[in-house]
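A look at the structure
Residues per chain, in single letters:
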Amino acid sequence: MATARAALAPRPGGTMSYLAAAEPPAPRAAPRSPGTGPPRSGGERHRNASDTAQDTQLRSVDLDHVIKLLEGSDSKDLEKEQLKTLKKVVKHFENGIPLKDLEQIIKILNLCSEKIKEQETFTEPLCELIKLFGLPFQKKKSSDEVKYSTAVSKSIAQLGYLMRVPSSQVRIQICKSVINFYKMELPGKLLSGYQPTSANYKIQMAELGGLAETLVLSLALVENQLTEKLWVLKALQHLSSSGENCRLMMKAQAASRLCLYLNAPDPSGQLVFRSSHILWNLLENVSKEEVVNQLSSLECVHALKEVFVDALHGFRHCDHQLRNDLLVIATLLAENPAVPLVESGFAKLLIALATFNEVKIPNPLVKGLKLTYSYEDFEMKKLLFNIIGVLSKNPSAAQLLSESDVMPALLYYVKPNQKPGFYDWSAAQYEELQLHAIAVLAAVARVLIDKYLSCQANTLLLVFLEWCIGQDPFFAQGNSFHGTGGRGNKLAQMRYSLRVLRCVASIYDDAVNLNLCDQGAISQLLEILRYAANKSKRKEDAILLEIQADTLFILSVLCEKDLHRKELFSYEGIGILIPFLKMDPKELYSGLGHSYLLFSALDCVWSCVIGCYIAEDHFLEKQGIFLLLDLLALKEKNLCNIILRILVEFCGNPKTTLHINTWRGEKAQTAASLLIQLWREEELELGVRRDQYGRIVDMKRPIASSFQRQQKVIPVPASCPSFAIMEISENMRAKLYSLFCKLGFENLPGLSTEDFVTLAIIRRYIDFKVGEVWSEICAEVEEEFKPIASDEDALESISKVSEDTGKAVNALQTQLIESQLHQEIQEENQTFRKIRATHKQREIINKSWENFLARTSTYEALKKAKKLQEKAIEASRSKLKTQTGAFHSTNIEGLHTTIGPGRLVTVESTPRQFIQGPLAGTDLALGRPSFCKGASKKDQKR
């Protein structure tokens, strides 16, 4: 709040809080027995006697008699009696009016006000009675405040109506009494049995009775009486401290009334200060739009302009503060394009004030004006910069801004901070002005693009950005709104400079973009991006994230439609871009701006990489497709649409398909499986009808969403898309279908039967969509016309084709499901056979073990097993006996075991008569080998 307003402002908090603390509690008499206790002292008897006398005096005034006396016929003797009685009433209530007598006192006031018109002698008693309203009301019980609230509020409202009395003394006294509501002082004596009402009681009753609205309307009665008007304004100044009173005042058009009175002659200067204070309270307590609407007339704007000019050339401290307060009100007016700020010449004056110090061009509007470089002038400078930014949004002010020197004045601050200060501004003040000017430049540059180019703003900004990432020492203060996060560094300057380039680039003006590229903006922006990314690794900050996102956006705009620029970007840019796609998914919800940065990076992939084979190949080499699929696997709705669009365009490069098929996600999920899963989730969200196996349910409209099914037939012009067409752009299914068309529908790895069932629908998506369009056409035709027989047959045939396609897909899906069920049954049977064979083998092993234990523990079982073994051996021998040759027994005599013999076997030599063949006559045939002899000896030893 300005000091001028503060000096005149009421201070209800101080006095009222003091009174609330000092208010004594209501006295309560303890019950006494008539026969016990000490006798009363003389002082107590004297005080009780005084109270009794006072009560007698209170009862001695009959207010009904006073009212009847004032209603009597006019005569000289009666007038004296009436005046005498009124003085008695004033004396009677000199310590405050009881709440129960308030209605009668108001009647007395009204009767006196009627008599003043003919008898001025009643003026003084009336003022004395009104003065009593400045004292606290008296209550007997705490509940009296609620009990008499309606009567009190009406009485206080009636006090405002007394402003109609054509007496300056009465009007001033009414205002004084209202002011005393906010600084009540307790009377010297308190009535016995009564206590004052609470400190805020009168203020609340004044709000309830609408006193503020009445006083605003009374301004018309005191329009030509300066003293009375100032007292009314002073009372309104106190009343406007509450929101309820401000709303009541706005009902009486307080803003426009006060504004129109600003230029009234006033040697004291209080009129302007008090009116501006009330306007400020109205802006703070009620809707700003409502206040601006009341001030939007040409007369009000002219009045504000004239008062502002007078305050502009003032030399007092309060004049400077009033000037700044009026600038704030002017800024709020400028936000409404309907306010005639340009037509009144106020806007031209404000623009001239904002630029006269930076652009040394003589301007008659600011002739003789000098800045003192005080704090108030510093605030004025910032407010003027701010109002230029507001005016840039007003189309009617565009021509005025173009004809002025706004652009050179703002560009004056786009230069390195070489000196500690500027003129008499301190270093901190100059830095704040610099950042504010660059921030406003971002808004103005879009409107004044021709001026922007003619002033070589791109060159200045790029040079300034080069200084921002340079090693030159600079210790920023960072102590302003625009300097947030820039203490001790140049990040704030970099942030707002990039905002200017972003705003200029976003208009997609070829001349601006060509000028930027000719200045080497792409390489410099990549250097800024690398600089910010390196700083962000050490400390993540919202400002650094914003700088990176803005830089990526500018690069996207510059490279979007130019192949050569994409090639320039690819040499260094892709290596810088790839880390942004590796962002931790948890950071997307940090609130610092990671999601905005990721979207900017994806937009940069779309604009700076796709369409240039050199850039695409480099992106593929850096495994960019894998990173995109990793992001797609997060299944974020907003990300999926963008990534699918990028992947579809990337598939124009023949190398992309291999990368997509090679990718593996969690649990070895393939890209095809992921895409089909996204399709199912999308259809689930859209409410497409499917059975538990994922098969088509509605053969006529297989892919219709729940919204489409609910829509009725609405005939639309041929130029307007129908629901079936609009639905394509509102979900991911069309992008998924396009991507499968690039990948193919055969030989897709890692798909389950459920995936194949869904893939059958995806494969016929375009056929189903054509069927939906024809279905809409048929419905519109039937709604509007009666088709002829041939057209009706054609429409039926088309509808049947679509339905047959749905049935065919459903049959294929059923076949896939049945095949899967049959395969599962076979696998189940095979598994069961393996389990059964395993159990049987286990039984055989167990039985063999039991037999072995029986042979080792029971001799009879061993003998039985031996006989069985011998029978088995005998049965296995050939029944045909050779006629020639010797027979060698393989049994070992005396061996009591059923286990097979060892490896060592003794073989008897063959008799000579049985030897035949080429060795029959040799010594070798007749002799025994040496190892056989050794074996025989060993056997004998055993």
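Placed above this text is the structure.
What counts and how
Residues numbered from 1 in each chain as written. Predicted model: local features only at pLDDT ≥ 70, side-chain atom pairs only at ≥ 80, totals over all residues. Heavy atoms only, no water. Helix = DSSP H or I, 4+ residues; strand = E, 2+ residues; numbered from the N terminus. Contact = heavy atoms within 4.5 Å. Areas by Shrake-Rupley, 256 points an atom, 1.4 Å probe, with all protein chains shown as cover. Expected span 1.5 Å × (residues − 1). Buried < 20%, exposed > 50% of the residue type's maximum accessible area, 1.4 Å probe, protein only. Polar contact = N/O pair within 3.5 Å; in protein donor to acceptor, adjacent residues only side chain to side chain. Patch = residues over 30% accessible without salt bridge, like charges linked within 9 Å, V, L, I, M, F, W, Y side chains within 5 Å. Salt bridge = Lys/Arg side-chain N within 4 Å of Asp/Glu carboxyl O. Lys, Arg positive; Asp, Glu negative; His and termini not counted. Charge placed at Lys NZ, Arg CZ, Asp CG, Glu CD. Axes fitted to C-alpha atoms, helices over the stretch in contact; angles between N-to-C directions. Parallel < 35°, antiparallel > 145°, perpendicular 65-115°, else oblique. Left-handed = near helix turned anticlockwise from the far one by under 90°. Core = buried A, V, L, I, M, F, W, Y, C linked by side-chain atoms within 4.5 Å. Nonpolar A, V, L, I, M, F, W, Y, C, P; charged D, E, K, R; others polar.

Looking now at the overall build of the protein. When helices and strands are tallied, the protein shows 46 helices and 2 strands. Here the analysis covers contacts within the protein between residues at least 6 apart in sequence; of these, 76% occur between residues at least 24 apart. Accessible surface computed for the protein: about 50300 Å², of which carbon and sulfur atoms make up 53%.

Now for helix H42 (residues 765-784). The end-to-end C-alpha separation of H42 is 29 Å, in line with the 28 Å expected for 20 residues at 1.5 Å each. Inspection of H42 places Tyr765, Phe768, Lys769, Gly771, Glu772, Glu776 and Cys778 among the buried residues, and these make up the whole buried set. The inward-facing, buried residues of H42 contact helix H37 (671-686), helix H38 (706-710), helix H39 (723-729), helix H40 (733-743), helix H41 (753-763) and helix H43 (789-857).

What follows is about helix H30 (residues 542-559). The end-to-end C-alpha distance of H30 is 26 Å, a good match for the 26 Å that 18 residues give at a rise of 1.5 Å each. Counting buried residues in H30 gives 16 out of 18 residues, a clear majority hidden from the surface. Two to three positions downstream of the cap, the backbone nitrogen of Ile543 sits 3.0 Å from a side-chain oxygen, assigning the N-cap of H30 to Asp541.

A surface patch of like charges, here negative, comprises Glu782, Asp791, Glu792, Asp793 and Glu796. It is H43 that provides the largest number of residues to the negative patch, a total of 4 residues. Turning to its location among the elements, Asp791 is positioned in helix H43.

The interhelical angle for the contact between helix H6 (residues 102-116) and helix H9 (residues 149-161), taken along N-to-C directions, is 20°, at an axis separation of 9 Å. Taken together, H6 and H9 sit at an angle that is classed as roughly parallel. Along this stretch, H6 crosses H9, giving a crossing that reads as left-handed. On H9, the residues that touch Leu102, Glu103, Ile106 and Asn110 of H6 are Ala151, Val152, Ser155 and Gln158.

The next thing to look at is the pattern of salt bridges. Counted by the stated rule, this structure contains 32 salt bridges. Of the charged contacts, one joins Asp377 and Arg323 as a salt bridge, the two residues approaching to 3.0 Å between their closest N and O atoms. Separated by 54 residues along the polypeptide, Asp377 in helix H21 (residues 375-391) and Arg323 in helix H19 (residues 317-334) bring together distant segments of the chain. One salt bridge in this structure joins Arg763 and Glu746, with 2.8 Å as the shortest N-O distance. Placement of the pair is Arg763 in helix H41 and Glu746 in the loop between H40 and H41, with a sequence separation of 17 residues. In this structure Arg763 comes out as partly exposed when scored by relative accessible area, which is 42%. Linked through salt bridges whose partners overlap, the residues forming this network are Glu683, Arg690, Glu727, Arg733, Lys769 and Glu772.

What follows is about the nonpolar core. Counting 248 residues, the largest nonpolar core has Ile108, Leu282, Tyr452, Phe569, Leu581 and Leu632 as the members making the most contacts within it. For Leu632, the contacting residues outside a window of four places in its chain are Cys640, Ile643, Leu644, Leu647, Leu674, Leu675 and Leu678.

Our next topic: the packing of helix H26 (residues 457-468) against helix H29 (residues 521-538). At their nearest, the axes of H26 and H29 sit 11 Å apart, and the two run at 30° to each other. On the basis of their axis angle, the class for H26 and H29 is roughly parallel. Taken as a pair, H26 and H29 cross one another with a handedness that is left-handed. From H26, Leu462, Leu465, Glu466 and Cys468 reach across to H29, where they touch Ala521, Gln524, Ile528 and Tyr531. Of the residues contributing to the contact of H26 with H29, the split by class is 6 nonpolar, 1 polar and 1 charged.

Our next topic: unusual backbone geometry. Although it is not a glycine, Tyr508 adopts a positive phi angle of roughly 55°. Relative to the assigned elements, Tyr508 resides in the loop between helix H27 (491-505) and helix H28 (510-518). Exposure remark for Tyr508: the relative accessible area of 43% places this residue in the partly exposed category. The phi dihedral of Gln623 is positive, around 60°, even though this residue is not glycine.

Purely geometric numbers; function is a separate question.
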